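# Secondary and tertiary structure notes
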Amino acid sequence: MSSAGCADQLGCRRNTLKRVVSGEASLKPEIALALELIGVGKAEFWLGMQASYDLFQLPQACNVA
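These numbers were taken from a predicted model, which means no experiment stands behind them.

## A word on the overall build of the protein chain
Within the protein chain, the regular secondary structure consists of four helices and zero strands. Overall, the protein chain shows an N-to-C arrangement of helices and strands of α-α-α-α. Taking the principal axes of the C-alpha coordinates as reference, the protein chain spans close to 40 × 25 × 15 Å. Expressed as a percentage of the 65 residues in the protein chain, the buried residues total 18%. Pairs at least 24 residues apart make up 18% of the contacts formed inside the protein chain by residues separated by at least 6 positions.

Here it is, written out as structure tokens:
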């Protein structure tokens, strides 16, 4: 599936999806729920993955500051 098709199916903009996939933006609950509704895992799974990524990034962000 193309990124445009995936974004359409999720009900978000293509740029938003690109930013989430590249790690430039956080996965929002709305997109997590949309993923669940199209059958791509549970929303809790996606939000858990986002939380794990955020915690992993935190020490690097603190070292830069």
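Resuming the write-up.
## Structural notes on the environment of K18
Its place among the elements puts K18 in helix 2 (residues 14–22). Taking the relative accessible area as the measure of exposure, K18 reaches 54% and is therefore exposed. For the pair formed by K18 and A4, sequence separation is 14 residues and the distance between their alpha carbons is 9.7 Å.

## With respect to helix 3 (residues 29–37)
When helix 3 is considered as a whole, its buried residues turn out to be I31, A32, A34 and L35. Taken down its axis, helix 3 places every buried residue within 160° of arc, on the same side. Summarising the geometry of helix 3, the exposed residues directed more than 90 degrees from the buried face are E30 and L37. Directly beyond the C-terminal end of helix 3, a positive phi value near 90° is found at G39.

## A short note on the nonpolar core
One finds A7, L10, C12, L17, V20, L27, I31, A32, A34, L35 and A43 forming the largest nonpolar core, which totals eleven residues. When contributions to this core are tallied by element, the ones reaching two or more residues are helix 1 (3–10), helix 2 and helix 3. With four residues, helix 3 is the largest single contributor of residues to this core. Ignoring sequence-local partners within four residues, the contact set of A43 consists of A32, L33 and E36.

## Structural notes on the environment of L17
Along the chain, the position of L17 falls in helix 2. Residues L17 and L27, ten residues apart in the sequence, show an inter-C-alpha distance of 8.8 Å.

Calculation rules
Each residue is numbered by its place in its chain's sequence as written, counting from 1. The model is predicted, so local features are restricted to residues of pLDDT at least 70 and side-chain atom pairs to those at 80 or more, both for listing and for counting; the totals for chains, interfaces and linings are taken over all residues. With hydrogens and water stripped out, all remaining heavy atoms of the structure feed into the side-chain values. Counting from the N terminus, the helices are DSSP H or I runs at least four residues long and the strands are E runs at least two residues long. Relative accessibility thresholds used throughout: buried, under 20% of the residue-type maximum; exposed, over 50%; partly exposed, between the two (1.4 Å probe, protein chains only). Residue contacts are counted whenever heavy atoms from the two residues lie within 4.5 Å of one another. Working note: the arc is built from the helix axis to C-beta atom directions. Side-chain atoms within 4.5 Å link the members of a nonpolar core, which is a set of buried Ala, Val, Leu, Ile, Met, Phe, Trp, Tyr and Cys residues.

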